[in-house]
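So the chains spell out like this:
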Amino acid sequence: MRLPARQQFLAAEQNPRAGIPKKHLLLFVLTAACIAGLFFCENVSAQPYPLTKPQKVTPQAEKVIAQLGLGSWIWTTNFEDKQTCRFWKTFSIPENDHVRQALLRITADNSYHLYLDGREIGEGSNWKSLTEYDLTFLLTPGNHVMAIEAFNDGREAGVLMGMKVTFASGDQTEVLSDDSWRIVPNNSHRWLHQTRPDPNWPAATIVGVVGQSPWWLTPVNIMTPPTLQPSLMHFWQTTWFLSSVLTVCVVALGLSLWLAAKLALRTRAQQLLDLERARIARDIHDDLGAALTQLVLQSEVAQTEYPESSPIRAQFGQFCGSARAASHALDEVVWAVNSKRDTLRDFSSYLCKYAQTFLSNTTIRCRLDIQPDMPASVFDLSVRRGLLLAVKEALNNAAKHSEANEILLRINKEGNHVIVVVEDQGKGFDPELLTGERNGLQNMMQRLQDLGGTCQIASAAGAGCRVEFRMPLAHPAARAGFSWRRIFGAQNGETVAAEWQNLKGS
Amino acid sequence: MTSLRTETKPPTFSAASPLKIALVEDKRDVRESWAKLINSFSDFTCMCKCASAEDALRMIPPLQPDVILMDIFLPRMSGIECTARLKNEMPRTPIVMLTASDDDELVFVALQAGADGYLLKRTKPADLRSALLDVLTGGAPMSSEIARRVVESFRQKPRERDDSISLTAREEETLLLLSKGYSNKEIADRLGLSIETVRSHLKHIYEKMHVRSRAGAVARYISGKPIENG
């Protein structure tokens, strides 16, 4: 029973109506009564109350019981203030029948939590009213565990419930609050899920019947919460699944942090390498290149100081030529080394210049067809160098064998591929009749394959020749597998070393 | 754009009135070599040798040379910035850039800043002479790569108000053929023009490029980031 009710009762008892002289006296008495009541409660709370005995059911109560389908007030073997009491019971729904309706009515003095198969169905804390839960959809065939955790504030306590299950066949079954319930000790942890009672769980005690004081004969009202829907326990809601997902997440997070750190280091190593390459290129260009230019100029000047017919002038002329060639070769080295040139745009412009210079020494005209606005996509050194060598080979072949008077160089970007075409309208050849001396073609194809690209040669006797190189922009070996190996395998220093090996190897 | 120097300049040159060249180059040996080389041509004279962009800005404008040869890499103020400033003061004097390496990116920036052509430092003296004459009588030769970039730059929307500057159909045609690897001679044949006309198209293209980028150019190259080598 509720404490406030008790206090009011006590206050009324000690407050006789006759002779109230003054207002403050009334207040004093009330206050004193409250304090006394509280003190009294506090003092006796440790003491167990004697159990109430169930009385005979009155005819009025019988009607109520029949109408509402209730059991008796049950509790454990004693009443205590601030007492928790757990009830447990199993029941089974037959396999061969279908539940048409299952209504469960429950109340508790003072409060309860109701569980079915471990799931909390509801709670209540008003012992004067009844709550009606519709469990129709929850009662699947098979065994079920019903559990109630009740709490008593003070003095008498009890739980009253009854469940009526109607089957499609017309059969009915009831689960009522009676001494078939087991009392579960408060230190049991898995009791909500336990399908068998422990042998030391005592039976519940009937402490009263409907209509017995201090409880009601008819409830003040009946509350009906919405029909409960089965909460499908999906596999992803299960504890083991959630915990394994959590574990996977934690592991993934750790792994990605580790990889990110590795990648950052690798990126840093790559940056250092790029910077170093740019520095080397600059040094070669500034020091060696300037010195060579100076050499060319000085020998040109020296040349002018001799008469046209002088053999020394001719020698200086040769000297100039060699120095110019060296300067040109140096430019090529600088281009290859310089990391700032690792772009498709730069590659295309370099290739055009190369083709024009190369063919300017022949009678063959060089025609260019370059995609406008060539993007500055990253084009790795190993790839661009390999492709350059292959295109050089193709140009060389065309110049040497085709007898064409025009060679077309076409550069396009198609999706993630660079396509370089070297085409001539010369005499062509029959690819079937390729002999050993044309092994340059095999080399060309092999070189492209090594770099993850392809090379297609189309030619027929008298119909010119078309060589098409197709190269992925993100070199698969360097970007995917290879870099994974580097991330997982090599240490930082080794990465740079591997990069150098890669550069040297190409 | 309205007055072209070639129209007022007599196309013949003689030792009596040699063409005056101003040279801007920071390395002394290179500078002297260039000067000697230029002086070795009978119709050219190197009238002014500057060791820095600052010297050039001070010395060159009063002398009014016929052509200025400018190194791209100069200490402190770059050759490109110097070109932009000089072009502001003497818009009609052609400026030819000297580069050690064939770097299109840099050359293109220089052309936008106001240069009228470029030469590799290892150019043969005969080519040097003809290039200087080209600059004076028409447009300097343009490589296919530069031609491609010029076409691209004209197709982009101009940043400033100079949207009236655009290429004529002929000029664009010339540029497209250049970018396809045609020589001036082949272009002339193909379009049924004289080589001189093709060169004059080129000159106009250079000029339009300057005018187009001038408004922004000076400010960009003067306050902009330093030019990187390599």
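These numbers were taken from a predicted model, which means no experiment stands behind them.

Along its length, chain B carries 10 helices and 5 strands. With 230 residues in all, chain B has 46% of them scored as buried. Residue pairs in contact within chain B that sit at least 24 positions apart in sequence constitute 66% of those at least 6 positions apart.

When its secondary structure is counted, chain A shows 10 helices and 17 strands. With 506 residues in all, chain A has 29% of them scored as buried. For chain A, the share of sequence-separated contacts (at least 6 apart) that also reach a separation of at least 24 residues comes to 78%.

Looking now at the interface of chain B and chain A. Counting from both sides, the interface comprises 23 residues of chain B and, opposite them, 32 residues of chain A. Of all the secondary structure elements, the ones that give two or more residues to the side of chain B that touches chain A are α2 (28-39) and α7 (144-155) of chain B. Among the elements that line the side of chain B that touches chain A, the one with the most residues is α2 of chain B, at 6 residues. Residue classes in the side of chain B that touches chain A are distributed as 5 nonpolar, 8 polar and 10 charged.

With that out of the way, let us pick up the packing of helix α3 (residues 53-63) of chain B against helix α4 (residues 79-89) of chain B. Residue and element names in this part refer to chain B. Their axes nearest at 10 Å, the elements α3 and α4 cross at an angle of 20°. For the element pair α3 / α4, the angle class is roughly parallel. Relative to α4, α3 is oriented so that their crossing is right-handed. Residues Ala-53, Ala-56, Leu-57, Ile-60 and Pro-61 of α3 lie in contact with α4, whose contacting residues are Gly-79, Glu-81, Cys-82, Arg-85, Leu-86 and Glu-89. Of the residues contributing to the contact of α3 with α4, the split by class is 7 nonpolar, 1 polar and 3 charged.

Moving on to the sheet that holds strand β13 (residues 365-370) of chain A. Two modes of strand pairing occur in sheets, parallel and antiparallel, and in both the strands are linked by backbone hydrogen bonds. All names here are of chain A. Pairing is mixed in the open sheet, where 5 strands are placed in the order β13-β14-β15-β17-β16. Here the strands that pair on one side only, and so sit at the sheet edges, are β13 and β16 (454-459). With direction set aside, neighbouring strand axes in the sheet form an average angle of 15°. Sheet topology note: the β16/strand β17 (residues 465-472) ladder contains 6 bridges and is antiparallel. The residue bridging Cys-455 from the neighbouring strand is Phe-469, located in β17. Against the sheet, helix α6 (residues 344-360) touches β13, β14 (406-414) and β15 (417-424), its axis set at about 175° to β14.

Predicted confidence across chain B gives a mean pLDDT of 79, with 81% of residues reaching 70 or more. Low pLDDT (under 50) marks residues 223-230 of chain B, which in the prediction has 14 contacts with non-local residues, meaning those over four places away or in another chain.

Residue and element names in this part refer to chain A. Alignment of β13 against β14, held across 6 bridges, turns out to be parallel. When the sheet's bridge partners are listed, Cys-366 is paired in β14 with Ile-407. You can see the chain leave β13, run along helix α7 (residues 381-402) and come back into β14, and the turn it takes is left-handed.

Let's shift gears to the nonpolar core. One finds Val-24, Leu-69, Val-96 and Ala-110 of chain B to be the most contacted residues of the largest nonpolar core, which totals 67 residues. By residue number, the principal contributor to this core is helix α5 (residues 104-113) of chain B, which donates 7 residues. Composition of this core by domain shows at least three residues from each of domain 1 (20-137) and domain 2 (144-223) of chain B. Setting aside residues up to four positions removed in sequence, Val-24 of chain B forms contacts with Cys-50, Ala-53, Ala-56, Ile-68, Leu-69, Met-70, Asp-71, Leu-74, Gly-79 and Cys-82 of chain B. Counting 42 residues, the second-largest nonpolar core is a separate cluster that includes Tyr-112, Leu-114, Ala-147 and Val-165 of chain A.

Here we take up unusual backbone geometry. All names here are of chain A. With an omega of 15°, the peptide bond between Asp-109 and Asn-110 qualifies as cis. Inspection of the secondary structure assignment puts Asn-110 in the loop between β3 (99-109) and β4 (111-116). Residue Pro-214 is reached from Ser-213 by a cis peptide bond, and omega for that bond is 10°. Secondary-structure assignment places Pro-214 in the loop between β11 (205-208) and β12 (222-223). Of note in this structure, Lys-82 is not a glycine but carries a positive phi near 50°.

Moving on to the pairing of β14 of chain A. Note that β14 of chain A and β15 of chain A share 8 bridges and pair antiparallel. Paired with Leu-408 of chain A across the two strands is Glu-423 of chain A, which belongs to β15 of chain A.

To continue, consider the sheet that holds strand β3 (residues 67-71) of chain B. All names here are of chain B. Read from one edge of the open sheet, 5 strands run β2-β1-β3-β4-β5, paired in parallel fashion. Strand pairing shows two members of the sheet lacking a second neighbour, β2 (44-50) and β5 (117-120), which therefore form its edges. Taking each pair of neighbouring strands and ignoring which way they run, the sheet shows an average axis angle of 25°. Pairing analysis gives 4 bridges linking strand β1 (residues 19-24) to β3, with the strands arranged parallel. When the bridges of β3 are listed, Ala-22 appears paired with Ile-68. Sheet strands touched by α2: β1, β2 and β3. Its angle to β2, the strand with the most contacts, is close to 160°. Sheet strands touched by α4: β1, β3 and β4 (95-99). Its angle to β3, the strand with the most contacts, is close to 155°.

A word on the environment of Ala-108 of chain A. Residues and elements named next belong to chain A. Structurally, Ala-108 is set in strand β3. Residues Ala-108 and Glu-123, spaced 15 residues apart in sequence, show a C-alpha to C-alpha distance of 9.6 Å. Apart from residues no more than four positions distant in its own chain, Ala-108 is found in contact with Gly-124, Trp-127, Ala-150 and Val-159.

So, how was this worked out
Residues numbered from 1 in each chain as written. Chains lettered and ligands numbered in written order. Predicted model: local features only at pLDDT ≥ 70, side-chain atom pairs only at ≥ 80, totals over all residues. Helix = DSSP H or I, 4+ residues; strand = E, 2+ residues; numbered from the N terminus. Buried ≥ 20, exposed ≤ 12 C-beta atoms within 10 Å, placed from the backbone. Contact = placed C-beta atoms within 7 Å. Nonpolar A, V, L, I, M, F, W, Y, C, P; charged D, E, K, R; others polar. Axes fitted to C-alpha atoms, helices over the stretch in contact; angles between N-to-C directions. Parallel < 35°, antiparallel > 145°, perpendicular 65-115°, else oblique. Left-handed = near helix turned anticlockwise from the far one by under 90°. Pairing = 2+ DSSP bridges. pLDDT = per-residue confidence, 0-100. Right-handed = clockwise from strand over helix to strand, strands pointing away. Core = buried A, V, L, I, M, F, W, Y, C linked by C-beta atoms within 7 Å. Domains from an automatic or database assignment.

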